[in-house]
There are 2 protein chains.
Amino acid sequence: MKQLPCYFGRRFGRTAIVAGLACALVGGSLFVSSDLTHADEGMWLFNQPPRKLLQERYGFEVTDAWLTHLQKASIRFNSGGSGSFVSAEGLVMTNHHVGADALQKLSTAEKDLLKDGFHAADRAAELKCVDLELNVLVSIEDVTGKINGAVKGEMSPAEAQQARRGAINSLEKESLDATGLRSDVVTLYQGGLYHLYRYKKYTDVRLVFAPEQSVAFFGGDPDNFEYPRFDLDVSFFRAYEDDKPAKPEHYLRWSEAGAADGELTFVSGHPGRTSRLNTTNHLKFHRDVAFPYTLDMLRRREVLLRTYGERSLENARRAKDELFGYQNSRKARLGGLGGLQDPTIMWGKQVAERKLREAVAADAELKAKYGDAWEKVDASIGAYRKIFVRHGLLERGTALDSHLFTIARTLVRQTEESAKPNAERLREYGEAGRESLEQELFSTAPIYADMETVKLADSLGSLMEQLGGDDELVIQILAGKSPAERAAELVARSKLASVEVRKRLAEGGKAEIDASEDPMIDLAKLVDRPARALRKQFEEEVEEPLRQAYGKISQARFAAAGTDIYPDATFTLRLAFGPVRGYEEAGKKLPPWTTIGGAFEHSIAHERKDPFELPERWWKAREKVKADTPFNFVSTADIIGGNSGSPVVNKNGEVVGLIFDGNLASLVLDFVYTDERARATSVDSRAIIESLRSVYDTGDLVRELTGK
Amino acid sequence: MKQLPCYFGRRFGRTAIVAGLACALVGGSLFVSSDLTHADEGMWLFNQPPRKLLQERYGFEVTDAWLTHLQKASIRFNSGGSGSFVSAEGLVMTNHHVGADALQKLSTAEKDLLKDGFHAADRAAELKCVDLELNVLVSIEDVTGKINGAVKGEMSPAEAQQARRGAINSLEKESLDATGLRSDVVTLYQGGLYHLYRYKKYTDVRLVFAPEQSVAFFGGDPDNFEYPRFDLDVSFFRAYEDDKPAKPEHYLRWSEAGAADGELTFVSGHPGRTSRLNTTNHLKFHRDVAFPYTLDMLRRREVLLRTYGERSLENARRAKDELFGYQNSRKARLGGLGGLQDPTIMWGKQVAERKLREAVAADAELKAKYGDAWEKVDASIGAYRKIFVRHGLLERGTALDSHLFTIARTLVRQTEESAKPNAERLREYGEAGRESLEQELFSTAPIYADMETVKLADSLGSLMEQLGGDDELVIQILAGKSPAERAAELVARSKLASVEVRKRLAEGGKAEIDASEDPMIDLAKLVDRPARALRKQFEEEVEEPLRQAYGKISQARFAAAGTDIYPDATFTLRLAFGPVRGYEEAGKKLPPWTTIGGAFEHSIAHERKDPFELPERWWKAREKVKADTPFNFVSTADIIGGNSGSPVVNKNGEVVGLIFDGNLASLVLDFVYTDERARATSVDSRAIIESLRSVYDTGDLVRELTGK
């Protein structure tokens, strides 16, 4: 799909905003009902794996050792996506499009790594990324009791929300202090369980190899989320510790044989978000409000960056990765909306919901405990509708689409939050996350004033359009100027492009922030009060009541259908599985894999025009490269955005592929699993080796991966 | 800008829909106030020319003969745009982008006239256009008395609206019967005057010459509405009568000398729509509602057609002209919105409005007659807000973006309207317009099923998004299917792509329509009742009250500031004027014209990448063509969308240029004239001759134009 996550939170810049848009959707929770369950369904917790299912269906026994090995070889990218260790020397494999954020930040007008690719001649030539952080899940601890113990039954939603946040912030801080590991409390089943995830963190990450984007993303937007497919969507990084290659405890071995048609495979990665247990009214809110709104914004940004990029080749280079993000999200969301607009899918949801509600209504105890949950969801959605646009614009920040503004806001908020006891802070400013936050805040990634101005002008324009030109806050933000003039002035006068200035402001605390005359800091101060008010309203009137209501619905489901189910995706590590398998579309049988030779034919069929033009290097190697090498394959594994870069392994835990996409039919997996036509798409391990060997002549990498 | 009009009405397909979107804006009327008037301002009526102004400012005497000659050599294109006769043999000059609709309809997968250009070796090789109609304004008659006589003071808005429509339909029919000329009643000053325009009509129009689109639209979307500019945006057609070249009574002679820096020039063309007298609240409605909505729809269609086009080269060819239309409108509307969002412009409007209202309030008689007009405008806008989205989707047809649906609706409505007395029909189905309507209804322009399906699916999706999936009409329209499935079924099963089928249905009348099982006809029937209801509501609660209110405001203005003012644009023939003059931007002096040599340099600066790649033919001719030939020039003339293709003439009425664009600063001319930086952009007559001679080797055309 580019299986990028619907991820936001402690992030600046592109991903945060892309995600902010892509995720202007509430809630989600556990999967619906057993009568909708399909065989290869599920994004399973590593501490609650589908042992029975895999045994019964595939005769495969999941051992603890097998699980631990796979878990600890798996990696999460803070730029959004998944990866894995693939050598004893800390070599990390992910998708090219997951690594693209790092590639973009390392590129300049003179050296375009996205376009031209990269291969480090030796360790010394590996390029250090500016703000990439990798996380490896080390342990999971159930802290449900501790969190729930802090929340008392008589509390109002607002009090409950604060008590829970306090408990979470404190637990994370205690864990960090005790273990030195990044510690995140993860809410599962929408509040049914709370698990504390501890991660080993790598912040010195260096680029080893990336192919040209024209083969990594061959077929471009037209082929994105389509199949057959021919993409070498891979890149390699290396994790360092103490300036030496990391020696990971676990790494995945390579399968040169790849996977056979019908062979069972596993995916270990970080699906971002699913909404499979949403009530039908909640889904209708997605269908009629959230998705259409998000799509309008995505199209707007796509057109903006495309037109900016078309003005010059250098502009195109600057905008490339961000533009891709919007196009990718647009196509993904459009597919998701297509599912919501499909009456057969909605009908299935309605039937399942009615059954569950009838089961609850028929049992006096269940009815008393959970009977009001659906109306509570409706009420929360109603409350959200009222603030949806304003909350998105001001608190999620879509009205202020500027790197510099995001920095300013973080500085302003960090100063304010740091003065509070840890337990009372906004979640993303808790002590436990401080290092990761600063990794991004002080990033040396380039900020282009012209692109900043274009983006800020357009987003200020959208603010004025959506709140109206006579809105008091809009008038204050624009300060008597047009959006274009105001944006130009803000960007030209702000000094926040300088990392030194940021550091001085961060270190100077309140006094320094108060004294600052930086116009972006002023703007962040101006916007902060109303934005915080909206956040508070959202948390108290939408998020917390939804969590409570979905908690009840989940309990009702456990009571009615058992507990052997997986929680909705949360951008944390999950295990999915399914065989390699082709499918039928419009009466045509599609094979389980494509070949490298097919890539050349596909290019020729499009007269070798962009985005169907392979790199010159590939045409030169055409005679040498084995044409029948499997290139991309499809399997039935249950994945979603965020799984990009996930390793695909066989029963022996060896790499047979690399998830990078899903087909169009898979875009409904946000809401419902189906294995009829929905497929996960991977780069075949054989194509990776064959191209490294025959096209890129990178014997060192091949040896490191295969030992040969 | 491509100065395409904001034009809709009796049209099918592209232009109607583009215009339907671009024009989802109410009202407009006469220009505001003398204290805002600038020297070269005005889109003047040919029967009310600015004689005094031109005499005083430029010492130029406008004679009746000069005016008549220019008027009768001027042409309106029904595909949207302007043109002129430029030879005694019926040769017609317009922009390439105005001719593009005809070029697209004549193109096939094998023969792409847009891409490759065209030159007829001789008369026999000239290609007949499939549905192009040209209009030449022959006479203007003031019928204000007759129209107003039909409307009695005691009538309700609904009665007034019907009475006025009846009078208009009848007058047009009488005039057609009496003269055989196309006869249109034009509402000027929003109802202050009614003029009957009689046009000589040419429906046999043949393509003579078009350059490659890559030089006609050199610089593409990035350079559109920008200056400096280097476009050979010209094409030539020939009008035929009785299968022989037409012998127009008037045609424009050619100036090989072109216009000097500072020389006064005139523009005779068809500006589409301006809104310069809108009240500030009305402008705020544009700013906060109509423009943002329209822009979202334009971006949506742009992304849709671009992604459709990117799938194959043939798709790209099919979508090209329509995609251009959306991009052009997007950039134009974005510029217009920028003006509305500029507080200095809005402030100027507010000051002028306050002055006028104070003058009215200070005079008891004026106050009694006109004092309530502003509140009436507010009330009408309030009524419009309530139906704005639904009216646009269902009556303007943006929810059913399909050529086949437009045909079906026309057939259904024509049948129903034809059964009524002429005076009671919807305006576009009056007898006077029948021929032009059928020229389009029975057009043999290609309809591509795949593109139809993609467009209809997306627009049905947008319908569901905007009205909500639970809306009863939406449910009926979708008939239990998803938008994508429903669109596929409708397009696959409809037979309306066949002109024979259309003719049979049109000729068969009600019986045939009632009996039809064509699913598009069924859909048109389903949508027609609610759509008509919305139209009625719009006409009675918005259009008519607005007309009455703006009529009062206009009268108040006449009383306060005199009557020597021009009406807002109405896509009818107007005279504008202004000298050739460069300007300053961001501290940089921009010259009054560019040169042909500059085009090559501009291409090289962009590494000759699309859209900055000139045709191969140009590179081959580079040594031969005179590099210092003026290519495009700018002048201060007051033009707007619809002026595309207008001839620019000198005091002798000789062609010195061809309007094709305005700069970014000109995009606010919808609302306010300024000559500080706003400029009209033209192809220089010298560049046309030089390229015809040295690049295209078309001696025949050069001789026909220059006599040499």
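Predicted model only: the values in this text are computed from it and were never measured. For every chain, the first residue of its written sequence is number 1, and the numbers climb from 1 along that sequence. Just so you know, chain letters begin at A and ligand numbers begin at 1, following the order they were written in. Residues qualify for local features only when their pLDDT is at least 70, as the model is predicted, and side-chain atom pairs are given and counted only at 80 or more; totals for whole chains, interfaces and linings, by contrast, use all residues. Note: side-chain values were computed over all heavy atoms of the structure, leaving out hydrogens and water.

This part covers the overall build of chain A. Under the scheme used here, helices are H or I runs from DSSP no shorter than 4 residues and strands are E runs no shorter than 2 residues, and both carry numbers assigned from the N terminus. Each helix and strand in chain A was counted, giving 25 helices and 21 strands. Just to be clear, the radius of gyration here is over C-alpha atoms, and the globule rule we use is 2.2 Å times residues to the power 0.38. The C-alpha atoms of chain A give a radius of gyration of 24 Å, which matches the 27 Å a tight globule of 708 residues would have. When the backbone C-alpha atoms are referred to their principal axes, chain A occupies close to 65 × 65 × 50 Å. Taking all 708 residues of chain A together, 66% fall into the buried category. Contacts between residues were defined by any pair of non-hydrogen atoms, one from each residue, lying within 4.5 Å. Sequence separation of at least 24 residues holds for 80% of the intrachain contacts in chain A that already meet a minimum separation of 6. Here the accessible surface of atoms and residues is derived via Shrake-Rupley with a 1.4 Å probe, and residues count as covered only by protein chains that are part of the display. In the form shown here, chain A has an accessible surface area of approximately 24300 Å², with 50% of it arising from carbon and sulfur atoms. In chain A, 96 side chains carry a positive charge and 106 a negative one; their mean positions are 1 Å apart. To sort residues, take the accessible area from a 1.4 Å probe on protein chains only and compare it with the maximum for the residue type: under 20% means buried, over 50% means exposed, and anything in between is partly exposed. By the counting rule applied here, Lys and Arg register as positive and Asp and Glu as negative, while His and the ends of each chain are not counted. Every charge is mapped to an atom, namely NZ of Lys, CZ of Arg, CG of Asp or CD of Glu.

Residue and element names in this part refer to chain B. The strand order E1-E14-E13-E19-E20-E21-E18-E17 describes an open sheet built from eight strands, whose pairing is antiparallel. Across the chains shown, the open sheet's two edge strands, defined by having one partner strand only, are strand E1 (44–45) and strand E17 (593–595). Across six bridges, strand E13 (residues 264–269) lies against strand E14 (residues 574–579) in antiparallel orientation. Its bridge partner being in E14, Leu264 is matched across the sheet by Pro579. Axis lines are fitted through C-alpha atoms, for helices just across the contact stretch, and the angle between N-to-C directions can take any value from 0 to 180 degrees. Lying on the sheet, helix H2 (residues 51–58) is in contact with E1, E13 and E14; it crosses E14 at an angle near 10 degrees. Against the sheet, helix H22 (residues 596–605) makes contact with E17 and strand E18 (630–635), and its axis sits at roughly 70 degrees relative to E17, the strand it touches most. For two strands to pair, DSSP has to find at least two bridges joining them.

On to the packing of helix H7 (residues 157–179) of chain B against helix H21 (residues 519–561) of chain B. Residues and elements named next belong to chain B. For the pair H7 and H21, the least separation of the axes is 9 Å and the interaxial angle reads 80 degrees. In terms of their interaxial angle, H7 and H21 are classed as roughly perpendicular. Between H7 and H21, the contacting residues are Pro157, Ala158, Ala160, Gln161, Gln162, Arg164 and Arg165 on the first element and Glu539, Glu540, Glu543, Glu544, Arg547 and Gln548 on the second. Residue polarity is assigned by list, with Asp, Glu, Lys and Arg as charged and Ala, Val, Leu, Ile, Met, Phe, Trp, Tyr, Cys and Pro as nonpolar; anything else, Gly included, falls into the polar class. Across the contact of H7 with H21, the residue classes break down as three nonpolar, three polar and seven charged. Each angle is binned into one of four classes, with values under 35 degrees roughly parallel, values over 145 roughly antiparallel, values of 65 to 115 roughly perpendicular, and all other values oblique.

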